[in-house]
Amino acid sequence: MMITTRVKRFLWQWCCLTFSDAVPQIFGWPTLLSAAALSYLLQLAGFGAIQDQTSNNFALAVVSYAIALMVNFFIAAFKAYRLVKPLVVTVSDDIPSPALSFNDKMRGYAVTVVVFNRSVAQLNDCAAYVMNAPLYNGEIGPFFVEKFDMPPKSMRYVQIAYWFSREAPNVDDGNIRLAGPVSSGYAEATCALPVSGADLHIRIQAQGTDSKDVQCRVWVDKESRQLKSEQRHE
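Just so it is clear, the model here is predicted, and its values are computed rather than measured.

## Looking at the side chain of T209
Here is step 1 of the chain: Along the chain, T209 falls in the loop between β8 (198-205) and β9 (212-221).
Here is step 2 of the chain: A residue is classified by how much of its surface remains accessible, and T209, at 18% relative accessible area, is buried.
Here is step 3 of the chain: The contacts of T209, once residues within four sequence positions are left out, are R9, L83, V84, P86 and L123.

Here it is in structure tokens:
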């Protein structure tokens, strides 16, 4: 049922974009081709040139729209696909976070999810989750990280995990922490991962579209004393 719904949504967007995108192009680039196409079609049908200016302009507009429809039929397929599946998600460990201090005594490192909205639509009420987080009650389950909106063709950096290295006499963090809202309603401080590494299942949800899931591994490299990540590609 889910596949059928997705296909219906894609076909509907494809149809709407094909016709709507062709309208503003009637007197654009298709006009350059419509005059030659109209002349050829009239000769093929055994008619001469249209003498009446109004009729000629109307015929040119019809042919221009037909040409725009044919071209947009293929272009709209890509746009419709990106409206149905708008999210592109990658995981990185080399994006500096302004929220983490970085000095001679303490260095903060972060694992960041880069979310790109490749569609031409605004995405509202997007949310990032770690689906297999160690929760405060000892269970493994979803952990809310951040909520945000995404304009068309925009990019969002969502910090998922962080870790601090410290110079003596202070010691490095004993765990990797999951990022999230800090308040009494969230057990943010208890969502910790071992520095030896953990596999994370990250989900980005957007209202009205399919969610996007990525798998990655995070760990602390002992030699460089930095937080590292590796995305697991499907």
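## Some remarks on unusual backbone geometry
Here is step 1 of the chain: Geometrically, the link from A168 to P169 is a cis peptide bond, its omega value of 10° lying close to zero.
Here is step 2 of the chain: You can see P169 is positioned in the loop between β5 (155-166) and β6 (175-178).
Here is step 3 of the chain: Residue K153 is not a glycine yet carries a positive backbone phi of 60°.
Here is step 4 of the chain: Along the chain, the position of K153 falls in the loop between β4 (140-150) and β5.
Here is step 5 of the chain: The phi angle at R225 is positive, at roughly 55°, despite the residue not being glycine.
Here is step 6 of the chain: Mapped onto the elements, R225 comes out in the loop between β9 and β10 (226-232).
Here is step 7 of the chain: According to the relative accessible area criterion, R225 is partly exposed, its value standing at 28%.

## Looking at the pattern of salt bridges
Here is step 1 of the chain: Throughout the structure, instances matching the rule amount to 9 salt bridges.
Here is step 2 of the chain: In this structure, the salt-bridge partner of D172 is R225, at a minimum N-O distance of 2.8 Å. Pair noted here: D172 is in the loop between β5 and β6 and R225 is in the loop between β9 and β10, with a separation of 53 residues, a long-range link.
Here is step 3 of the chain: The residue D213 makes a salt bridge to R203 at a minimum N-O spacing of 2.9 Å. In this pair, D213 is assigned in strand β9 and R203 in strand β8, connecting sequence segments 10 residues apart.
Here is step 4 of the chain: Of the residues examined, R203 reaches a relative accessible area of 22% and is grouped as partly exposed.
Here is step 5 of the chain: One connected set of salt bridges, linked through shared partners, spans R107, E167, D172 and R225.

## Here we look at the sheet that holds strand β2 (residues 106-117)
Here is step 1 of the chain: Read across the open sheet, the 5 strands follow the order β1-β2-β5-β6-β7; overall the sheet is antiparallel. Single-partner strands in this sheet number two, and they are β1 (87-92) and β7 (192-194). Averaged over neighbouring strand pairs, the angle between their axes works out to 25° when direction is ignored.

Cut-off values and rules
- Along every chain, residues carry numbers that run from 1 in the direction the sequence is written.
- Only residues with pLDDT of 70 or above have their local features reported here, since the model is predicted, and side-chain atom pairs are shown and tallied only from 80 upward, although totals for entire chains, interfaces and linings are computed over all residues.
- No hydrogens and no water enter the side-chain calculation; it runs on all heavy atoms of the structure.
- The way it works is that DSSP assigns letters per residue, a run of H or I at least four long becomes a helix, a run of E at least two long becomes a strand, and they are numbered from the N terminus.
- In this scheme, a residue with accessible area under 20% of its type's maximum is buried, one over 50% is exposed, and one in between is partly exposed, where area comes from a 1.4 Å probe on protein chains only.
- Two residues qualify as a contact provided that any one of their heavy atoms is within 4.5 Å of a heavy atom in the partner residue.
- Any carboxyl oxygen of Asp or Glu within 4 Å of a side-chain nitrogen of Lys or Arg constitutes a salt bridge here.
- DSSP calls a pair of strands paired once it identifies at least 2 bridges connecting them.
- Angles shown run from 0 to 180 degrees and are taken between the N-to-C directions of axes, each axis being a line fitted to C-alpha atoms and, for helices, limited to the stretch in contact.

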